[in-house]
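For reference, the chains in residue letters:
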Amino acid sequence: MKIDDIEAFVAVIRCQSISLAAESLQLTQPAITRRVQNFEEGLGVELLDRNTKPLKPTSMGLRVYEKCRAVLREIDTLRDLVTQHALPSGALRLGVPQTIGDAVLLDALSELRQRYPDLQAKVATGWGSNLLSKVEHGELDAAAVLFPAGKVFPDGVVGESLGRMNLVVVAAKGEWPKRSYRLTDCYERGWVLNPDGCGFRAGLQRALIAEGLSLQINMETFGTELQLGLVANGQGLGLVPQPLLEGSRYRNQLEIVPMSDFKPIIDLWLIHPRFTGNLYAPISTFGQLVVDRLGERLIRTTAAVAV
């Protein structure tokens, strides 16, 4: 049995597709098929039910799959032991959510380049769930993501809570008299939010539905700074992490609308695979740089989850 054959089999079961497994391992479909067949021949047993779509393991295949995952974890431990003291080099694949990308990326990448000149940082942006999936499947080395406190991460993914942020409702300055408001007082004003898929938007929508209210979208666009500019221009209400509001060039044109029945809080997590080898130091540096860029409004936490 070869490690490459085991990795191919595990990828097929995880992806439930030979084509997706080939894509995740950067191989051709015939190569994946050949490796799985070699593995089955080596064991003398059929591991895949090829009459099902999506592909599923046989009963024995499922048992073999669990053992193979344990084998690969041990191999990763061995590789990590050998490489963790080597100087970081090559590609460092990072992910950041759309919401904080504009605020943290430029400074973080510049500092990483200075500290680790032999590393080439490559960055992907997206919603937290998408970035988490990429880390889980080995497509990213680390990501800064926004999830609620107590988030449970998939097997093999380590999550460290870097801090906690209040999400605040904002409006153009002078539009709202100084007092406390409820969702029923302001929902008809309409919102300037991220497109569908954003966790902030989904949380607001759930809160509105609980009150029997609908989500009124005036404008949807990516980029927190652009959204704040539109809110300052009177286009509707916004929902943003308070650290990004405090650092915005539109801060003096905006005010926080105090809400008595809607006070969401979100955690900033640094996630990465359990085994990072010689990339552990730059990954940790990246997390600290993101925290530093968000500033004092980020409430520091020490929670870590390793599954």
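Along every chain, residues carry numbers that run from 1 in the direction the sequence is written. Under the rules for a predicted model, residues below a pLDDT of 70 receive no local features and side-chain atom pairs below 80 are neither given nor counted, while totals for whole chains, interfaces and linings still include all residues. To obtain the side-chain values, all non-hydrogen atoms of the structure were included, while hydrogens and water were left out.

## Some points on the environment of valine 192
Counting through the fold element by element, valine 192 comes out in strand S7 (residues 191-193). Looking at valine 192, the relative accessible area reads 0%, which means it is buried. Along the sequence, valine 192 and glycine 126 sit 66 residues apart, while their C-alpha atoms lie 19 Å from each other. Any two residues whose heavy atoms approach within 4.5 Å are treated as being in contact. Residues in contact with valine 192, not counting those within four places in the same chain, are Met219, Gln227, Leu230, Val231, Gln235, Gly236, Leu237 and Gly238. Note on conventions: DSSP H or I runs of at least 4 residues are helices, E runs of at least 2 residues are strands, and numbering of each starts at the N terminus. When accessible area is computed with a 1.4 Å probe and restricted to protein chains, residues below 20% of their type maximum are described as buried, those above 50% as exposed, and intermediate ones as partly exposed.

## A look at the pattern of salt bridges
Criterion for a salt bridge: a side-chain nitrogen of Lys or Arg within 4 Å of a carboxyl oxygen of Asp or Glu. According to the stated counting rule, one finds 15 salt bridges in the structure shown. Ionic pairing is found between arginine 73 and aspartate 155, a salt bridge with its closest N-O pair at 3.3 Å. In this pair, arginine 73 is assigned in helix H4 (residues 59-83) and aspartate 155 in the loop between strand S5 (142-147) and strand S6 (157-172), connecting sequence segments 82 residues apart. With relative accessibility at 33%, the residue arginine 73 sits in the partly exposed group. On the basis of relative accessible area, aspartate 155 is assigned to the partly exposed category, the value being 38%.

## With respect to the nonpolar core
Leu204, Leu239, Leu268 and Phe286 are the most contacted members of the largest nonpolar core, which has 49 residues in total. Only buried residues count toward a nonpolar core. Its members are Ala, Val, Leu, Ile, Met, Phe, Trp, Tyr and Cys residues joined through side-chain atoms within 4.5 Å. In terms of nonpolar packing, the next biggest core, distinct from the first, is built from 20 residues, Val10, Ile13, Ala21 and Phe39 among them.

## Some details on the confidence of the model for the chain
Here pLDDT means the predictor's own confidence in every residue, given as a number from 0 to 100. Residues at a pLDDT of 70 or more form 93% of the chain, whose mean pLDDT is 87. Across the chain, element-level confidence peaks in strand S10 (residues 254-256) with a mean pLDDT of 95 and bottoms out in strand S12 (residues 304-306) with 45. Taken as a whole, residues 302-307 scores under 50 in pLDDT and shows 20 contacts with residues more than four places along the chain or in a different chain.

## Examining the packing of aromatic side chains
Remark: the centre distance and the inter-plane angle together describe each pair of aromatic rings, the angle taken between the planes. Pairs were defined over the aromatic rings of Phe, Tyr and Trp, the Trp ring being its six-membered one, requiring ring centres within 6.5 Å. Orientation was assigned from the angle between planes: stacked under 30 degrees, edge-to-face over 60, tilted for the rest. If you walk through the whole model with that rule in mind, you get 5 aromatic pairs. When the ring of phenylalanine 9 is compared with that of phenylalanine 39, the centres are 5.5 Å apart and the planes differ by 45 degrees; the resulting orientation is tilted. Taken as a pair, phenylalanine 9 in helix H1 (residues 3-15) and phenylalanine 39 in helix H3 (residues 29-43) lie far apart in primary sequence, 30 residues in all. You can call phenylalanine 9 buried: its relative accessible area is 0%. What makes phenylalanine 39 buried here is its relative accessible area of 2%. The interplanar angle of 40 degrees and the centroid separation of 5.7 Å between the aromatic rings of tryptophan 127 and phenylalanine 222 together place this pair among those described as tilted. Residue tryptophan 127 is located in the loop between strand S4 (119-126) and helix H6 (128-136), and its partner phenylalanine 222 is located in the loop between strand S8 (217-220) and helix H9 (224-232); the two are separated by 95 residues in the primary sequence. Among the residues examined, phenylalanine 222 registers a relative accessible area of 42% and is labelled partly exposed. Cluster of aromatic residues (ring-pair linked, three or more members): Phe147, Phe153 and Trp269. Across from the ring centre of phenylalanine 147, 4.6 Å away, lies the NZ or CZ of lysine 151, which sits over that ring. Lysine and arginine charges are scored as sitting over a ring when NZ or CZ, respectively, is within 6 Å of the ring centre and within 35 degrees of the ring normal.

## Looking at the pairing of S8
Two strands are said to pair when DSSP picks up at least two bridges between them. Where S7 meets S8, 3 bridges bridge the pair, whose relative direction is parallel. Considered in S8, the bridge of valine 192 is made with methionine 219. Tracing the backbone out of S7, into helix H8 (residues 199-210) and back to the parallel element S8 gives a crossover that is right-handed. Every crossover in which the path from the first strand over the helix to the second runs clockwise, viewed with the strands pointing away from the viewer, is termed right-handed.

## With respect to the pairing of S6
When you tally the buried positions in S6, you get 13 out of 16 residues, the bulk of the element. Here S6 pairs with strand S11 (residues 265-273) via 9 bridges, running antiparallel. Considered in S11, the bridge of glutamate 160 is made with leucine 270. Inspection of the sheet shows S6 paired to S10 by 3 bridges, in the antiparallel sense. Bridge assignment links alanine 172 to a residue of S10, and that residue is leucine 254.

## What about H3?
Helix span, expected: 1.5 Å multiplied by one less than the number of residues in the helix. An ideal rise of 1.5 Å per residue puts 21 Å on 15 residues; H3 measures up with 21 Å between its terminal C-alpha atoms. Taken together, the buried positions of H3 are occupied by Ala31, Ile32, Val36, Phe39 and Glu40. Phi for glycine 44, located one or two positions after H3, is positive at around 75 degrees.

## Looking at the packing of helix H2 (residues 18-25) against H3
At a minimum axis separation of 8 Å, H2 and H3 run at an interaxial angle of 105 degrees. Considering the angle they form, H2 stands roughly perpendicular to H3. On the side of H2, the interface is formed by Ile18, Ser19, Ala21, Ala22 and Leu25, while H3 contributes Gln29, Ile32 and Thr33. Here the term charged refers only to Asp, Glu, Lys and Arg, the term nonpolar to Ala, Val, Leu, Ile, Met, Phe, Trp, Tyr, Cys and Pro, and the term polar to all other amino acids, Gly among them. Considered class by class, the residues forming the contact of H2 with H3 number 5 nonpolar, 3 polar and no charged. Fitting a line to C-alpha atoms yields each axis, with helices limited to the stretch in contact; the angle taken between N-to-C directions then spans 0 to 180 degrees. For classification, angles of less than 35 degrees are called roughly parallel, those exceeding 145 degrees roughly antiparallel, those between 65 and 115 degrees roughly perpendicular, and all remaining angles oblique.

## Notes on the environment of glutamate 7
By the element assignment, glutamate 7 lies in helix H1. Under the relative-accessibility criterion, glutamate 7 is labelled partly exposed at 24%. A sequence separation of 194 residues divides glutamate 7 from arginine 201, and the C-alpha atoms of the two residues are 38 Å apart. The residues contacting glutamate 7, other than those within four sequence positions of it, are Leu25, Leu72 and Arg79.

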